[in-house]
Amino acid sequence: DTEVTQTPKHLVMGMTNKKSLKCEQHMGHRAMYWYKQKAKKPPELMFVYSYEKLSINESVPSRFSPECPNSSLLNLHLHALQPEDSALYLCASSSQPHPRQPQHFGDGTRLSIL
Amino acid sequence: AQTVTQSQPEMSVQEAETVTLSCTYDTSESDYYLFWYKQPPSRQMILVIRQEAYKQQNATENRFSVNFQKAAKSFSLKISDSQLGDAAMYFCAYRSAEGGSQGNLIFGKGTKLSVKP
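A brief structural summary. On a predicted model such as this, the values are computed, not experimentally measured, just so you know.

Focus: the overall build of chain B
Argument step 1. Each helix and strand in chain B was counted, giving 0 helices and 12 strands.
Argument step 2. For chain B, the N- to C-terminal ordering of α and β elements is β-β-β-β-β-β-β-β-β-β-β-β.
Argument step 3. Its C-alpha atoms give chain B a radius of gyration of 14 Å, near enough to 13 Å, the size a compact globule of 117 residues would have.
Argument step 4. Dimensions of chain B, computed from C-alpha atoms along their principal axes, come out at roughly 45 × 30 × 20 Å.
Argument step 5. Relative to its 117 residues, chain B shows a buried fraction of 50%.
Argument step 6. When contacts within chain B are restricted to residue pairs at least 6 apart in sequence, long-range pairs at least 24 apart make up 55% of them.
Argument step 7. Summed over its atoms, the accessible surface of chain B is roughly 5,600 Å², and 46% of this surface lies on carbon and sulfur atoms.
Argument step 8. Positive and negative charge centroids in chain B, built from 12 and 11 side chains respectively, lie 3 Å apart.

Remarks on the side chain of His29 of chain A
Argument step 1. Looking at the secondary structure, you find His29 of chain A in the loop between strand E3 (18-25) and strand E4 (31-37).
Argument step 2. A polar contact is formed between the side chain of His29 of chain A and the backbone nitrogen of Ser94 of chain A, at a distance of 3.5 Å.

Some remarks on the sheet that holds E3 of chain A
All names here are of chain A.
Argument step 1. Reading across the sheet, the 4 strands line up as E1-E3-E8-E7 and stay open at both edges, with antiparallel pairing between neighbours. Either end of the sheet is taken by a strand with one partner, and the two such strands are strand E1 (4-7) and strand E7 (64-70). Going across the sheet, the axis of each strand differs from the next one's by a mean of 20 degrees, ignoring polarity.

Quick look at the pairing of E7 of chain A
All names here are of chain A.
Argument step 1. Examined bridge by bridge, E7 and strand E8 (residues 73-79) share 5 bridges and lie antiparallel to one another. Residue Ser65 lies in a different strand from E8, and its bridge partner there is His77.
Argument step 2. The antiparallel hairpin formed by E7 and E8 contains 2 residues in its connecting segment.

Quick notes on the packing of aromatic side chains
Argument step 1. Under the definition given, this model contains 13 aromatic pairs over all chains.
Argument step 2. Taking the centre distance of 6.2 Å and the plane angle of 35 degrees together, the rings of Phe35 of chain B and Tyr37 of chain B count as tilted. Neither residue differs from the other here; Phe35 of chain B and Tyr37 of chain B are each classed as buried.
Argument step 3. Look at Phe68 of chain B and Phe75 of chain B: their rings are 6.4 Å apart centre to centre, the planes differ by 80 degrees, and that puts the pair in the edge-to-face class.
Argument step 4. Taken together through their ring pairs, the aromatic side chains of Tyr33, Tyr35 and Phe105 of chain A together with Phe35, Tyr37, Phe91 and Phe107 of chain B make up a single cluster.

Structural notes on the environment of Phe91 of chain B
Residues and elements named next belong to chain B.
Argument step 1. Along the chain, the position of Phe91 falls in strand E10 (residues 88-96).
Argument step 2. Owing to a relative accessible area of 1%, Phe91 belongs among the buried residues under this scheme.
Argument step 3. Between the alpha carbons of Phe91 and Ser30 there is a distance of 22 Å; along the sequence they are 61 residues apart.

Thoughts on the pairing of E3 of chain A
Residues and elements named next belong to chain A.
Argument step 1. The pairing of E1 with E3 spans 4 bridges and is antiparallel. Residue pairing across strands places Val4 opposite Gln25, the latter belonging to E3.
Argument step 2. Relative to E8, E3 is paired through 7 bridges, and the arrangement is antiparallel. Along E8, the bridge assignment pairs Lys19 with Leu78.

Thresholds applied
Residues numbered from 1 in each chain as written. Chains lettered and ligands numbered in written order. Predicted model: local features only at pLDDT ≥ 70, side-chain atom pairs only at ≥ 80, totals over all residues. Heavy atoms only, no water. Helix = DSSP H or I, 4+ residues; strand = E, 2+ residues; numbered from the N terminus. Rg over C-alpha atoms; globule rule 2.2 N^0.38 Å. Buried < 20%, exposed > 50% of the residue type's maximum accessible area, 1.4 Å probe, protein only. Contact = heavy atoms within 4.5 Å. Areas by Shrake-Rupley, 256 points an atom, 1.4 Å probe, with all protein chains shown as cover. Lys, Arg positive; Asp, Glu negative; His and termini not counted. Charge placed at Lys NZ, Arg CZ, Asp CG, Glu CD. Polar contact = N/O pair within 3.5 Å; in protein donor to acceptor, adjacent residues only side chain to side chain. Pairing = 2+ DSSP bridges. Axes fitted to C-alpha atoms, helices over the stretch in contact; angles between N-to-C directions. Phe/Tyr/Trp six-rings, centres within 6.5 Å; stacked < 30°, edge-to-face > 60°.

Right, here's the structure in full:
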């Protein structure tokens, strides 16, 4: 069982829809991450939150909007996505943003854009 | 910029045998961390082992061990007594410890490991 919980596990949406991905951890971790992973590729970093503040945005298009309402919760709001945005979206957390701390990943949300 | 290379797209091992997965990286930094992650078909990325660049001793976690050669910039993973549950995609990853604490995890392209019964 993963200690980082992502919902939903699967999401199918049209290009005009608005949806949100949710990530939750109760390990007291203060850094949280969003990754995008295409099939048979490694994960690519999208955003990093450190102590509930956005610290890294890897030039992600504005149709992806992250939000960190509290230290346990991380959302990714989706709007007007493109078919190429279909991918596995992974959330991760670490106890501190320090690079020594390993990142713990959730099971991901498989997103399909019609 | 740092890069991570896994030269073996696919590997196969017989159950109970030993297999070594290769990873090389390129960096001009002296302080960094290296990781091996495992991603089974269930999708979750699971940390297998971690190595700190300033430590000469190779990390070990039960059946998993690394051969860390800093001068050669090599970080291979050895899996002993392979089990069916070891079948997965294995990613080697690098993370800088310099330039602040926000360094990204840089992943290799992965090695798909199959375990034959």
